[in-house]
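Chain residues, written in single-letter form:
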Amino acid sequence: MPKGIWIFVEHTAGKIRKISLELLSQGRKIADQTGEPLIAVIAGEGTSPLAQEAAAYGVDQIYLLDSPPLAQYTTGAYTSALTKLIREKEPQALLLGYTAVGKDLAPRLAQRLGAGLASDVIDIEVDPEKFLIYKRPVYTGSAYSFVEIVTRPSLATVRAKSFPVAEPDPSRQAEVIEATVTVDPEDLKVLLQDVALLVTSRPALTEADFVVSGGRGMKAKENFAILEELADVIGGAVGASRAAVDSGWIDNQFQVGQTGSIVAPTLYVACGISGAIQHIAGMGAAKFIVAINKDPEAPIFSVADYGIVGDLFEVVPLLTEEFKKLVSA
């Protein structure tokens, strides 16, 4: 019989990513409701120190896939290694983050396994008869679909900030299993030569509690400096609309929207962003939205909790100074 609620654990620079901590926390609740064990899968090289961190969030078992071919993520190697492990152990469900890695890996696994996949999930319901029901937004967030997957395993990628992170218990122990890693040579068609890391003190865009984004109203690349200053004062991340990215003012990794990153911060500050539907789909889940735009008819004001009609080049520096006073108080 298939066994276990599996969580694919992503990690960077020796630390488990927040989205994976969210999944481990929610996975513990799902495991308790279904009577299944909670199992973490950690792939990479030299990953054994991460086992205790994962165990603290309620994991029963941990599969360590520790091998040089998995040192850096590549689609083929990870798909090959995880497919073999899943076929051998037959989990009930596998949850991954709706991240760059998760969005790449999950559909590959689903195809190999002949399994169903729900993407961009924002909630998971345990049903006594149907097992897990996945809630996901459709039509740019204007409606929701509820997905039942009849295959085992059922696969899902889950949006960041959909679930809270539980308080860890450092005393909790988990059974650590060093799984045999086998990678089919046919899957090693891409070899990663080097990785260029963006060194920044700011939080990851999808995990930030505060996001300051700029759009077409920024007018030029150098003007994003005023948004960066505000973001640094409040400990937030910088984002952008597709128009700003297409104009070459900021790299596409900062794009927020249906074709970029989906964010759900506590505070989202939209500066010079008109409010196209695809952008709203990427940030509409923010708890509080502040819009700054010279056009009082801009669509962004229809979703904003607070709107400021004015020149962002005057308003943003004023906000920055006020936040500096609050932070230093």
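Residues numbered from 1 in each chain as written. Predicted model: local features only at pLDDT ≥ 70, side-chain atom pairs only at ≥ 80, totals over all residues. Heavy atoms only, no water.

The next point concerns the pairing of strand 5 (residues 61-66). For strand 5, the buried fraction is high: five of the six residues fall into the buried class. The sheet contact formed by strand 4 (residues 38-44) and strand 5 spans six bridges and is parallel. Bridge pairing in strand 5 places Ala43 opposite Leu65. Handedness of the strand 4-helix 2 (residues 50-55)-strand 5 crossover: right-handed. Across four bridges, the pairing between strand 5 and strand 12 (residues 175-178) is parallel. (Buried < 20%, exposed > 50% of the residue type's maximum accessible area, 1.4 Å probe, protein only. Helix = DSSP H or I, 4+ residues; strand = E, 2+ residues; numbered from the N terminus. Pairing = 2+ DSSP bridges. Right-handed = clockwise from strand over helix to strand, strands pointing away.)

Below, the discussion takes up the pattern of salt bridges. Pairing between side chains of opposite charge can happen when their charged atoms approach one another. Evaluated as defined, the whole model comprises 15 salt bridges. Measuring nitrogen to oxygen at the nearest pair gives 2.8 Å for the salt bridge that ties Arg28 to Asp32. Remark: Asp32 and Arg28 occur in helix 1 (residues 18-34); sequence separation between them is four residues, near one turn of the helix. Classification of Asp32 as exposed rests on a relative accessible area of 54%. Of the charged contacts, one joins Lys324 and Glu229 as a salt bridge, the two residues approaching to 3.0 Å between their closest N and O atoms. Of the two residues, Lys324 is situated in helix 8 (residues 312-328) and Glu229 in helix 5 (residues 224-234); the sequence distance between them amounts to 95 residues. With relative accessibility at 32%, the residue Lys324 sits in the partly exposed group. (Salt bridge = Lys/Arg side-chain N within 4 Å of Asp/Glu carboxyl O.)

The subject of this paragraph is the domain arrangement of the protein chain. Taken domain by domain, the protein chain comprises domain 1 (5-187) and domain 2 (210-328). With six residues of domain 1 at the interface, the matching set in domain 2 holds eight residues. Sorting the residues of domain 1 by area buried against domain 2 places Thr140, Arg159 and Lys161 first, and these three jointly supply 81% of that buried surface. Applying the counting criterion to the domain 1 and domain 2 interface returns zero salt bridges. Class assignment for the residues of the side of domain 1 that touches domain 2 results in two nonpolar, one polar and three charged. (Domains from an automatic or database assignment. Contact = heavy atoms within 4.5 Å. Buried area = accessible area lost by both parts, 1.4 Å probe. Nonpolar A, V, L, I, M, F, W, Y, C, P; charged D, E, K, R; others polar.)

This part is about the layout of surface pockets. Space inside the second largest pocket adds up to approximately 240 Å³. Residue lining of the second largest pocket: 14 residues in total, with Ile122, Pro137, Tyr144, Arg159 and Ala285 positioned closest to the centre. Among the domains, domain 1 (5-187) and domain 2 (210-328) are the pair contributing at least three residues each to the lining of the second largest pocket. (1 Å grid on protein atoms, 1.4 Å probe; cavity = no way out; pocket = protein on both sides within 12 Å on 5 of 7 lines; lining within 4 Å. Points joined across faces, edges and corners; volume = space filled by probe spheres on them.)

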